[in-house]
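A look at the structure
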Amino acid sequence: MRKRIIRAQTGYRIVAIDDEIGIIDSLSVVLRKNGYDFTGFTDPIEAIESIRQEHYDILILDYLMNPIHGDKVVEKIREFNRDLYILLLTGHKDLAPPLETIKELDIQGYCEKSDKFEQLLLLVESGIKSIVHERTIRTFRNGLDRIVSSAPEIYQLQPPQEIIRRALPQVISFSNSNDIFVMVDDPLKLFDDEKESIFVGIGKYSSENNFFPDKLEPAIIEDIFKVRTTMQPVYKKDGTIILPLSIEYKESLGIIYIENSSIEGSDEILKLLEIFTNQISASLNNSFLHSVVNKKNEELNIAYEQLRTRYVDTIEVLRKAVDARDIYTRGHSDRVSYYAVEIGKILNLSDAELELLRVSGIFHDVGKIGISDDILLKAGKLTDEEYDEIKKHPLKGAQILSALSTFKEVIPIIKHHHERIDGKGYPFGLKGEEIPLYSRILSVADAFDAMMSDRHYRKKLTLDQAIEQLITGSGPQFDSIIVSKFIGLLSNYDKIAFESESSY
Ligand SMILES: [Fe+2]
């Protein structure tokens, strides 16, 4: 039992098993001369144990051996190592194992023993090339696996700082560095006079280490500027890597700065880092777009709210103008609104419904703004044409209020406040319950306040006369339930009259 170990300074590790010590010696000379790290065994069992515990790149194996043949050795090794590259040495072509066995055991090649080792060296060289390719593929596959598996976390819609924090562990593992920072422009501040950056750093660049971006050395700032201008990564000999983050690969978004990386000259890892950087860029873009859209939405909401307030103010002015045009109708809308709400309370309406009644009462006659003073303020009897003109005010009011969605529910109430239960009202001649409940309430409140006010053509009625008129109209003109409820309320008229004047 003999074991010879000759180690080269560099290169790949080759292990050989042959029960002839002469072969092991020759191999060690030839392979060492060619720069390989060589270990030889004459005992297959001992060799298997060594392969189990140490890393080798290539195994050169004798086929006919004692106590076990080469194919059995391979079988045992394949139980725990699928990666080892195996070359089989045979005494003579006829003594080689069948091709099926070679394929089955994942043996990469075989050659006949000879005193000259040219053929074997060629096989070893091609084996090394194959190992390099295999490793490149594996590095890519593992790296891409890591990138893909981190994608859901990074692509979640979240603030840019969070995206960067979640991406950093991958950057650390690709670069083998712990001193890293990411700096990106804050898109919400892009149009401000002073642009602001989002900065996330680890290691010596972390805020825990009292680091602030304004402490960056001028040389680093210069390098960053260069990367941002050229949009090309910078790899320095001292292990510094600066990668550009971009908007759709064109416009600079920021950079990833990695210090003291030890990637051991691996182009694959650098490529993976670039792929991952693009992924971070894409995710940041998503987040930024979302923030910008949100900000614009907020601005739009504010603008809409201002517009709405202005429009409501305008309508408020309009309806006050309507009331004020006629000395006899001053305060009419406010009182109608008040009565309607009081009726609503007796009918146990909800707060929201009472609010709807209140607003409907206030604006019920806003459409009169479109009717000329000659008709509206006429002292004498109206002609049919003039009356037709008056009858347009519920629809005109609905039209004025239709510009704002706020008044959506108010519009039908206002549209029908002059309908009658018997269908003889206007503008549509609706009957009974075809008329919205709130319009029916408004109708009673409106009529009562008109009766209780002086008009151009008549003096105001007394309370008793007004109640009588309501009773007369109950059924054909007014909803009888609403009238009876309202009359009940009027037993306390003095209080109501006082409140209606003072509550608006
Ligand atoms: Fe009216």
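Computed from a prediction, not measured in an experiment: that's the story for all the values here. The written sequence of each chain sets the order in which its residues are numbered from 1. Totals for whole chains, interfaces and linings use every residue, but because this is a predicted model, local features are given only for residues with pLDDT of at least 70 and side-chain atom pairs only at 80 or more, for both listing and counting. No hydrogens and no water enter the side-chain calculation; it runs on all heavy atoms of the structure.

**Looking at the overall build of the chain**
Scanning the chain for helices and strands turns up 18 helices and eleven strands. Here the C-alpha radius of gyration of the chain, 46 Å, is well above what a compact globule of 504 residues would show, namely 23 Å. Considering the chain as a whole, with its 504 residues, one finds that 45% of them fall into the buried category. Two residues form a contact once any of their heavy atoms are found within 4.5 Å. Considering only contacts within the chain whose residues lie at least 6 apart along the sequence, 63% involve residues at least 24 apart. By element, 52% of the accessible surface of the chain is carried by carbon and sulfur atoms, the whole surface being about 27100 Å². To qualify as a helix, a DSSP run of H or I must reach at least 4 residues; to qualify as a strand, a run of E must reach at least 2; elements of each kind are numbered from the N terminus. Only C-alpha atoms enter the radius of gyration, while the globule expectation follows 2.2 Å times N to the 0.38, with N the number of residues. Classification of residues uses two cut-offs on accessible area relative to the type maximum, computed with a 1.4 Å probe and protein chains only: under 20% is buried, over 50% is exposed, and between them is partly exposed. Per-residue accessibility takes into account occlusion by the displayed protein chains alone, with areas from the Shrake-Rupley method and a 1.4 Å probe.

**Quick notes on the pairing of strand 7 (residues 179–185)**
By the criterion of burial, strand 7 is predominantly enclosed, with seven of the seven residues buried. With burial as the criterion, each face of strand 7 is covered, one bearing Asp 179, Phe 181, Met 183 and Asp 185 and the other bearing Ile 180, Val 182 and Val 184. Pairing between two strands is assigned when DSSP locates at least 2 bridges connecting them. Alignment of strand 7 against strand 11 (residues 251–259), held across six bridges, turns out to be antiparallel. By the bridge assignment for strand 11, Met 183 is matched with Ile 255. Inspection of the sheet shows strand 7 paired to strand 8 (residues 197–202) by six bridges, in the antiparallel sense.

**Quick word on helix 7 (residues 218–230)**
Along an α-helix, a turn takes 3.6 residues, which lines up residues three or four apart on a common side. The span one expects for a helix is its residue count, reduced by one, times 1.5 Å. With 13 residues, helix 7 ought to run about 18 Å at 1.5 Å a step, and its terminal C-alpha atoms sit 18 Å apart, in line with that. Of the positions making up helix 7, those classed as buried are Ile 220, Asp 223, Ile 224 and Val 227. Projected down its long axis, helix 7 shows its buried positions confined to an angular sector of 100 degrees, all on one face. Exposed and oriented more than 90 degrees from the buried face of helix 7 are Pro 218, Glu 222, Phe 225 and Thr 229. Buried residues along helix 7 sit against strand 7, strand 9 (234–235), strand 10 (241–247) and strand 11. Starting at the helix axis, one direction is taken to each C-beta atom, and the arc is that of these directions.

**What to know about the packing of aromatic side chains**
Two aromatic rings from Phe, Tyr or Trp, using only the six-membered ring of Trp, form a pair when their centres are within 6.5 Å; if the ring planes differ by under 30 degrees the pair is stacked, by over 60 it is edge-to-face, and anything between is tilted. On inspection of all chains with the given rule, the structure shows 14 aromatic pairs. When the centroid spacing of 5.8 Å and the interplanar angle of 65 degrees are considered together, the rings of Tyr 339 and Phe 486 count as edge-to-face. Here Tyr 339 is found in helix 9 (residues 332–346), whereas its partner Phe 486 is found in helix 17 (residues 480–490), with 147 residues between them in sequence. An identical accessibility class is assigned to Tyr 339 and Phe 486; each is buried. Aromatic rings pair up to connect Phe 181, Phe 199, Tyr 205, Phe 211 and Tyr 257 into one cluster. Charges are assigned to positions over rings by a cutoff of 6 Å between ring centre and Lys NZ or Arg CZ, combined with an angular limit of 35 degrees from the ring normal. Directly above the aromatic system of Phe 80 lies the positively charged group of Arg 52, at a separation of 4.5 Å from the ring centroid.

**A word on the sheet that holds strand 7**
If you walk across this open sheet you meet the five strands as 8-7-11-10-9, and the pairing is antiparallel. Each end of this open sheet is capped by a strand with a single partner; those strands are strand 8 and strand 9. The pairing of strand 9 with strand 10 spans two bridges and is classified as antiparallel. Considered in strand 10, the bridge of Tyr 235 is made with Ile 241. Note on definitions: angles span 0 to 180 degrees between N-to-C directions of axes, and those axes are lines fitted to C-alpha atoms, for helices only across the stretch in contact. Sheet strands in contact with helix 6 (residues 160–175) are strand 7, strand 8 and strand 11, and its direction is about 40 degrees off that of strand 8. Packed on one face of the sheet, helix 7 meets strand 7, strand 9, strand 10 and strand 11 and runs near 135 degrees to strand 11.

**Details of the coordination of the iron ion**
Coordinating donors are taken to be N, O and S atoms lying within 2.8 Å of the metal, or within 3.2 Å when the metal is Na, K or Ca; because water is excluded from the atom set, some sites may appear incomplete. Coordination of the iron ion by the protein is provided by Asp 365 (OD), His 393 (NE2), His 417 (NE2) and His 418 (NE2), with metal-donor distances spanning 2.2 to 2.4 Å. Only two sets of limits are used to name each site, 85 to 135 degrees for every angle of a tetrahedral four-donor site, and over 155 degrees for opposite donors with all other angles from 65 to 115 for a square planar four-donor or octahedral six-donor site, with any other site named irregular. Taken together, the four donor atoms surrounding the iron ion define angles of 78 to 163 degrees at the centre, an arrangement classified as irregular. Between consecutive donor residues of the iron ion, the sequence gaps follow D-x27-H-x23-H-H. In this pair, His 393 sits in helix 13 (residues 393–401) while His 417 sits in the loop between helix 14 (410–415) and helix 15 (437–451), placing the two residues 24 residues apart along the sequence. Across the pair, His 417 and His 393 agree in class, each one buried.

**Section: the pattern of salt bridges**
In the sections that follow, a salt bridge refers to a side-chain nitrogen of Lys or Arg positioned within 4 Å of a carboxyl oxygen of Asp or Glu. Scanning the model with the defined rule gives 26 salt bridges in all. Note that Lys 396 is salt-bridged to Glu 389, the shortest N-O span being 3.6 Å. Relative accessible area serves as the criterion here: at 23%, Glu 389 is assigned to the partly exposed category.

**Notes on unusual backbone geometry**
With omega at 10 degrees, the peptide bond leading from Tyr 426 into Pro 427 counts as cis. Along the chain, Pro 427 turns up in the loop between helix 14 and helix 15. With a phi angle near 60 degrees, Asn 348 is a residue other than glycine that sits in the positive phi range. Examined against the element boundaries, Asn 348 turns out to sit in the loop between helix 9 and helix 10 (351–363).

**A word on the confidence of the model for the chain**
Per-residue confidence from the predictor is reported as pLDDT, which spans 0 to 100. Mean pLDDT for the chain: 86, with 94% of residues reaching 70 or above. Across residues 1–10, where pLDDT falls below 50, the model places 32 contacts with residues more than four positions away in sequence or in other chains.

**Details of the pairing of strand 3 (residues 37–41)**
In terms of burial, strand 3 is a largely internal element, five of the five residues being buried. Burial along strand 3 is two-sided: the residues Asp 37, Thr 39 and Phe 41 and Phe 38 and Gly 40 are all buried. Note: strand 2 (residues 13–17) against strand 3, five bridges, orientation parallel. Looking at the pairing, Ile 17 lines up with Phe 41 of strand 3. For the crossover from strand 2 across helix 1 (residues 21–33) to strand 3, the handedness is right-handed. With strands facing away from the observer, any crossover in which the path from the first strand over the helix to the second runs clockwise is taken as right-handed.

**Examining the nonpolar core**
Side chains that are nonpolar tend, in soluble globular proteins, to be buried together. Core analysis: the largest hydrophobic core is formed by 46 residues, its most contacted members being Leu 401, Phe 407, Phe 448, Leu 470 and Phe 486. Take this core: its biggest share by element is eight residues, from helix 15. Residues contacting Leu 401, with those up to four places away along its chain left out, are Ile 315, Phe 363, Val 366, Phe 407, Val 410, Ile 411 and Ile 414. The term nonpolar core refers to a set of buried residues drawn from Ala, Val, Leu, Ile, Met, Phe, Trp, Tyr and Cys, joined through side-chain atoms within 4.5 Å.

**Things to note about the side chain of Arg 440**
Within the secondary structure, Arg 440 is located in helix 15. Think of a polar contact as two N or O atoms within 3.5 Å of one another; within protein, one of them needs to be a possible hydrogen donor and the other a possible acceptor, and neighboring residues in sequence only count if both atoms come from side chains. One polar contact links the side chain of Arg 440 to the main-chain carbonyl oxygen of Ile 435, over a distance of 2.9 Å. Of the polar contacts made by the side chain of Arg 440, one reaches the side chain of Asp 479; its length is 2.7 Å. The contact partners of Arg 440, leaving out residues within four places of it in the chain, are Ile 421, Gly 432, Glu 433, Ile 435, Asp 479 and Ile 482.

**Notes on the domain arrangement of the chain**
When cut into domains, the chain gives domain 1 (3–135), domain 2 (156–294) and domain 3 (326–502). Distance from the C-alpha centre of domain 1 to the C-alpha centre of domain 3: 105 Å. Domain start and stop points were drawn from an automatic or database domain assignment.

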